[in-house]
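Listed below are the residues making up each chain.
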Amino acid sequence: MERPERAGAALGAQPRANGCSSAAHGALRNGYVRGLSAPDTQINHIVHNGGLYKRPFNEAFEETPMLVAVLTYVGYGVLTLFGYLRDFMRQWKIEKCQNATEREEQKDFVPLYQDFENFYNRNLYMRIRDSWNRPICSVPGAKVDMMERVSHDYNWTFTYTGRVIKDIINMGSYNYLGFAQKAGTCQEAAAKVLSHYGAGVCSTRQEMGNLDKHEELEKLVARFLGVESAMAYGMGFATNSMNIPALVGKGCLILSDELNHASLVLGARLSGATIRIFKHNNMQSLEKLLKDAIVHGQPRTRRPWKKILILVEGIYSMEGSIVRLPEVIALKKKYKSYLYLDEAHSIGALGPSGRGVVEYFGLNPKDVDVMMGTFTKSFGAAGGYIGGKKELIDYLRTYSHSAVYATSLSPPVVEQIITSMKCIMGEDGTTVGKARVQQLAENTRYFRRRLKEMGFIIYGNEDSPVVPLMLYMPAKIGAFGREMLKRNIGVVVVGFPATPIIESRARFCLSAAHTKEMLDTALKEINEVGDLLQLKYSRHRLVPLLDRPFDETTYEETED
């Protein structure tokens, strides 16, 4: 749904905000031009906020059409009814039961397996299970090879045919800058380090696992981020889940975006701190929680909170939205709280030189207390990092579970990160890294614009390489994935419980390795499948503007 914003008075006067010009026939909100006569008009926002933003910030979350929402609920209802019917048939041996059950000789024991808990997996997910876990047998670059598999029992089991499907255009991997490759400087450097150091370290950093390569990597990461110090970890998920408990605990308050990644959620829960959720990217909701936290303090005792930590992501991987970082930092400073920024998807993918969402908004890295990110996406490697003040990193080296108990990063992986990061920074003596960052930005805008022109509902920020295309109905989740694979396009489809029940989607991830020909081929097939499955739900059409600064797009509502 399109999200309103507080700058109503200024917008009523139709100013030129963030490079966006107003239109004659209606107020301009976030690139949307609508007539304002209808009382139920939905208004998307454009950020004004006293000059906090140095660039346009355009995000679209078009409302789900009412008929589509109703039909989606009906679809899930029908599937649930048939699920109960099939469970009844399995219970009476009319249909073969292939799901996990308690052993007959243990029927009087306290059950370890709750049958109803897996109702969704058994009766809904299993119908479209072939859309996930597809085995790839090549480098996850712009194109991939996939092992063909078939199921003869409605996706309970799979059999490999021995055939390999070649040259599938990969629209699902997080290979933002195209460093997932089997040839080139990164591969050569990693191979050289592999021959010298071997594949594993077999120890933690605090014992015998601290290599000179790890030290080199951390100094490079700190320089890349513009912070005093940094520390690298072997797993991106654990970087969040194991470090947040080291930073906050009982008597502390965590304010978490409602759409934060599972690793942030797990880390917050493990910390023992009080957790309160604010609406996604909604600064009014965040500020209200901050005010209440300061005014009321801790429950019962009313003592001040020991710490208040705000958890946000740079790019939200399911929504394609970008955090409103200038406003978050302004609130953080106003209410004297701390900020933890997860840049897993934004580092390398945003900013003129790929330094993430902080550079994208032209902000000072010192304003972010904890800068977290991963090496698994833009750098084509594995692991994660935390950057910040030297005191913070020294503390984490001693108290972080990931630092104390986890095995160190593999040396070839470290070299892959170092080589790719130096390429992005231009320290390899070439402009290849800068060109990749620019190519990703061009691919992102082109792909998003074309999908909107076709009439699909696309979520997220116009600069986000994560592009969700809304499918809604449960039957269309599997159908879209299968139809695209028939056309040699590999996509990721996502449904409940990873998304709200009526917001199933296909998620495309753009890469600098994608050529225009690849994107045009993918767009052509997406257009055909969209017509076949009737996925073009958008009620907006493109309106060309003579004055369109920053290549912005405006929309006008069409007659239904």
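For the structure itself, consult the block above.
Note that the structure is a prediction, hence the values are computed from the model and not measured.

J.: Which parts of the structure should I look at to understand the overall build of the protein chain?
T.: Looking only at helices and strands, the protein chain has 16 helices and 19 strands in total. Excluding contacts between residues fewer than 6 apart, the proportion of contacts in the protein chain whose partners are at least 24 apart in sequence is 69%. For the protein chain, the accessible area works out to roughly 25800 Å², and carbon and sulfur atoms hold 56% of it.

J.: Hey, could you run me through unusual backbone geometry in this one?
T.: Across the chain, the bulk of peptide bonds are trans and the bulk of non-glycine residues have phi less than zero. Between Phe496 and Pro497 the backbone carries a cis peptide bond, its omega angle lying at 10°. Along the chain, the position of Pro497 falls in the loop between β16 (492-494) and β17 (504-509). Unlike most non-glycine residues, Asn281 shows phi in positive territory, near 55°. Within the fold, Asn281 resides in the loop between β8 (274-278) and α8 (283-296). With phi around 70°, Tyr472 is a residue other than glycine that occupies positive phi space. Note that Tyr472 resides in strand β14 (residues 466-472). Overall, Tyr472 belongs to the buried group, its relative accessible area being 0%.

J.: Would you take a moment to explain the nonpolar core for this structure?
T.: Most often, soluble globular proteins keep nonpolar side chains buried together rather than apart. Core analysis: the biggest nonpolar cluster contains 106 residues, and Met171, Phe447, Leu451, Phe480 and Phe508 have the highest contact counts within it. Taken domain by domain, this core gets at least three of its residues from each of domain 1 (65-170 + 431-541) and domain 2 (185-425). Among all residues touching Met171, those that are not within four sequence positions of it are Phe447, Ile489, Gly490, Val491, Arg507, Phe508, Cys509, Leu510, His514, Leu519 and Ala522. Ala273, Tyr340, Leu392 and Ile393 belong to the second-largest nonpolar core, a separate cluster that totals 21 residues.

J.: What's the story with helix α13 (residues 411-425) in this structure? I'm lost.
T.: Within an α-helix, residues lying three or four positions from one another point in the same direction, as the helix has 3.6 residues per turn. With 15 residues, α13 should cover 21 Å at 1.5 Å per step; its first-to-last C-alpha distance of 21 Å lies within 8% of that length. Along α13, 13 of the 15 residues are buried, which leaves the element largely enclosed by surrounding structure. Looking one or two residues past α13, Gly426 carries a phi angle of roughly 80°, positive in sign.

J.: What's the story with the packing of helix α4 (residues 185-197) against α13 in this structure? I'm lost.
T.: Between α4 and α13, the shortest axis-to-axis distance is 8 Å and the interhelical angle comes to 150°. Seen along the crossing, α4 lies across α13 with a hand that is right-handed. Facing Thr185, Cys186, Gln187, Ala189, Ala190, Val193, Leu194 and Tyr197 of α4, the residues of α13 in contact are Pro411, Pro412, Glu415, Gln416, Thr419 and Ser420. Looking at the contact of α4 with α13 residue by residue, the classes come out as eight nonpolar, five polar and one charged.

J.: I would appreciate a short explanation of the sheet that holds strand β9 (residues 308-313) in the present structure.
T.: Pairing in this open sheet of seven strands is mixed, and the strands run β6-β12-β11-β10-β9-β7-β8 from one edge to the other. Every interior strand has two partners, whereas the edge strands, β6 (229-233) and β8, have only one. With strand direction ignored, the average angle separating the axes of adjacent strands in the sheet is 20°. Two elements, strand β7 (residues 253-257) and β8, share five bridges in a ladder whose sense is parallel. Residue pairing in the sheet places Asp257 in a bridge with Phe278 of β8. Those strands touched by helix α5 (residues 212-225) are β6, β11 (370-374) and β12 (384-388), and its axis lies near 125° from that of β6. Across the sheet, α8 touches β7, β8 and β9, and the angle it forms with β8 is around 150°.

J.: I keep staring at the packing of aromatic side chains and nothing clicks. Help me out?
T.: Given two aromatic rings, their pairing is described by the distance between the two centres and the angle made by the two planes. Following the criterion strictly, the structure yields 17 aromatic pairs and no others. A centroid spacing of 5.2 Å and a plane angle of 70° characterise the contact between Tyr472 and Tyr537, whose relative ring orientation is edge-to-face. With Tyr472 in strand β14 and Tyr537 in the loop between α16 (516-533) and β18 (540-543), this pair connects stretches of sequence that are 65 residues apart. Between Arg149 and the ring centre of Phe158, over which it is positioned, the NZ or CZ distance is 4.1 Å. It is Arg436 that lies over the ring of Phe179; its NZ or CZ is 4.4 Å from the centre.

J.: Sorry, what's going on with the sheet that holds strand β5 (residues 159-170) here?
T.: Paired through their backbone hydrogen bonds, the strands of a sheet run either parallel or antiparallel. Ordered in space as β4-β5-β15, the three strands form an open sheet in which the pairing is mixed. Strands with a single pairing partner mark the edges of an open sheet, and in this sheet they are β4 (143-150) and β15 (489-490). Where β4 meets β5, six bridges bridge the pair, whose relative direction is antiparallel. Residue Arg149 lies in a different strand from β5, and its bridge partner there is Tyr160.

J.: Can you help me understand the pattern of salt bridges in this one?
T.: Pairing between side chains becomes possible if they bear opposite charge and their charged atoms approach one another. Taken as a whole, this structure holds 34 salt bridges when the rule is applied. Glu287 serves as the salt-bridge partner of Lys334, at 3.1 Å between the closest nitrogen and oxygen. In this pair, Lys334 is assigned in helix α9 (residues 325-334) and Glu287 in helix α8, connecting sequence segments 47 residues apart. Overall, Lys334 belongs to the exposed group, its relative accessible area being 52%. In this structure, the salt-bridge partner of Asp292 is Lys288, at a minimum N-O distance of 3.1 Å. Of this pair, Asp292 and Lys288 both sit in helix α8, separated by four residues, roughly a single helical turn. Residue Asp292 is classed as partly exposed on the basis of its relative accessible area, which comes to 26%. Here Lys288 falls in the exposed class, since its relative accessible area comes to 52%.

About the thresholds
- Numbering of residues starts from 1 in each chain and follows the order in which that chain's sequence is written.
- Totals for whole chains, interfaces and linings use every residue, but because this is a predicted model, local features are given only for residues with pLDDT of at least 70 and side-chain atom pairs only at 80 or more, for both listing and counting.
- Each side-chain value is derived from all of the structure's non-hydrogen atoms; neither hydrogens nor water enter the calculation.
- Numbering of helices and strands runs from the N terminus, with a helix taken as a DSSP run of H or I at least four residues long and a strand as a DSSP run of E at least two residues long.
- In this analysis, two residues are considered to be in contact whenever any of their non-hydrogen atoms come within 4.5 Å of each other.
- Surface exposure here means Shrake-Rupley accessible area, sampled with a 1.4 Å probe, where a residue is shielded only by the protein chains that are shown.
- Burial classes: relative accessible area under 20% of the type maximum marks a residue as buried, over 50% as exposed, and values in between as partly exposed (1.4 Å probe, protein chains only).
- Side-chain atoms within 4.5 Å link the members of a nonpolar core, which is a set of buried Ala, Val, Leu, Ile, Met, Phe, Trp, Tyr and Cys residues.
- For the domains described, the bounds stem from an automatic or database domain assignment.
- To estimate the expected span of a helix, count its residues, drop one, and scale the result by 1.5 Å.
- Here, axes are lines fitted to C-alpha atoms. For helices the fit covers the stretch in contact, and angles between N-to-C directions go from 0 to 180 degrees.
- What makes a crossing left-handed is the near helix being turned counterclockwise from the far one by less than a right angle; a clockwise turn instead makes it right-handed.
- Residue polarity is assigned by list, with Asp, Glu, Lys and Arg as charged and Ala, Val, Leu, Ile, Met, Phe, Trp, Tyr, Cys and Pro as nonpolar; anything else, Gly included, falls into the polar class.
- When DSSP finds two or more bridges between a pair of strands, those strands are recorded as paired.
- For Phe, Tyr and Trp, where Trp contributes only its six-membered ring, two rings pair if their centres lie within 6.5 Å, and the inter-plane angle classes them as stacked under 30 degrees, edge-to-face over 60, or tilted in between.
- Lysine NZ or arginine CZ positioned within 6 Å of the ring centre and within 35 degrees of the ring normal marks a charge as sitting over the ring.
- Basic side-chain nitrogens of Lys or Arg form a salt bridge, by our definition, when they fall within 4 Å of a carboxyl oxygen of Asp or Glu.

Purely geometric stuff here, so don't read any function into it on its own.
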